[in-house]
Amino acid sequence: MQTFANLAEFSAHAGQSLGESEYMTINQEMIDLFAQATGDHQWIHTDPERATRESPYKAPIAHGFLTLSLAPKLLGEIYSVESVKLAINYGANRIRFTNAVPAGSRLRAKAWLHHAEPQNKNEDGNGVRAIIECAFEIEGEHKPACVAELIMLLFE
């Protein structure tokens, strides 16, 4: 994990790699729980027998948004800013789901700090709007599962 003392140190790292997370297994139970939480019960995710028989992937696959929703967990393994009291997911400039994640696959994130700019300095502290480029990689695959340009608001 890459640790920065404060937002000034973090911002100075713009244009560089933040690192990569450990791999985590995306199992069928996780996929089913995500389907329950979102109401997306498409058979390609939740019916292993049918997905094995009928889908082009020959297995159930994780929802694209399940992959993306792992960003906070995986980014938390990649970097930290010790002085930050509050971090907010602000949105994304670009998201593409470029490869399927079959149940049982192992996934990790790689991240780069594209840039950071001051955000709403107030009496409670300084802030930074950070653009973080993420690639969610499937172990053993050349093409990532997802690429995203995420926007984070960080406040000290």
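All figures in this text were calculated on a predicted structure; none of them were measured in a lab. (Residues numbered from 1 in each chain as written. Predicted model: local features only at pLDDT ≥ 70, side-chain atom pairs only at ≥ 80, totals over all residues. Heavy atoms only, no water.)

## Considerations on the pattern of salt bridges
According to the stated counting rule, one finds nine salt bridges in the structure shown. For E20, the salt bridge identified is with R108, shortest N-O distance 2.8 Å. One end of the pair, E20, is in strand β2 (residues 16-20); the other, R108, is in strand β6 (residues 105-118), with 88 residues separating them in the sequence. Taking relative accessible area as the criterion, R108 reaches 14% and is therefore assigned buried. The partner of E137 in a salt bridge is R108, with the nearest N and O atoms 2.8 Å apart. (Salt bridge = Lys/Arg side-chain N within 4 Å of Asp/Glu carboxyl O. Helix = DSSP H or I, 4+ residues; strand = E, 2+ residues; numbered from the N terminus. Buried < 20%, exposed > 50% of the residue type's maximum accessible area, 1.4 Å probe, protein only.)

## Quick look at helix α2 (residues 28-38)
Along α2, the positions that sit buried rather than exposed are Q28, I31, F34 and A35. For α2, the buried positions fall inside an angular range of 125 degrees around the axis, keeping them on one side. α2 presents E29, Q36 and A37 as exposed residues on the side facing more than 90 degrees away from its buried surface. Each element contacted by the buried residues of α2 is listed here: β3 (24-26), α3 (43-46), α4 (48-54) and α5 (64-69). If you check the start of α2, you find a side-chain oxygen 3.2 Å away from the backbone N of E29, and it comes from N27. Looking one or two residues beyond α2, the residue adopting positive phi is G39, at roughly 80 degrees. (Arc of directions from axis to C-beta. Contact = heavy atoms within 4.5 Å. Polar contact = N/O pair within 3.5 Å; in protein donor to acceptor, adjacent residues only side chain to side chain.)

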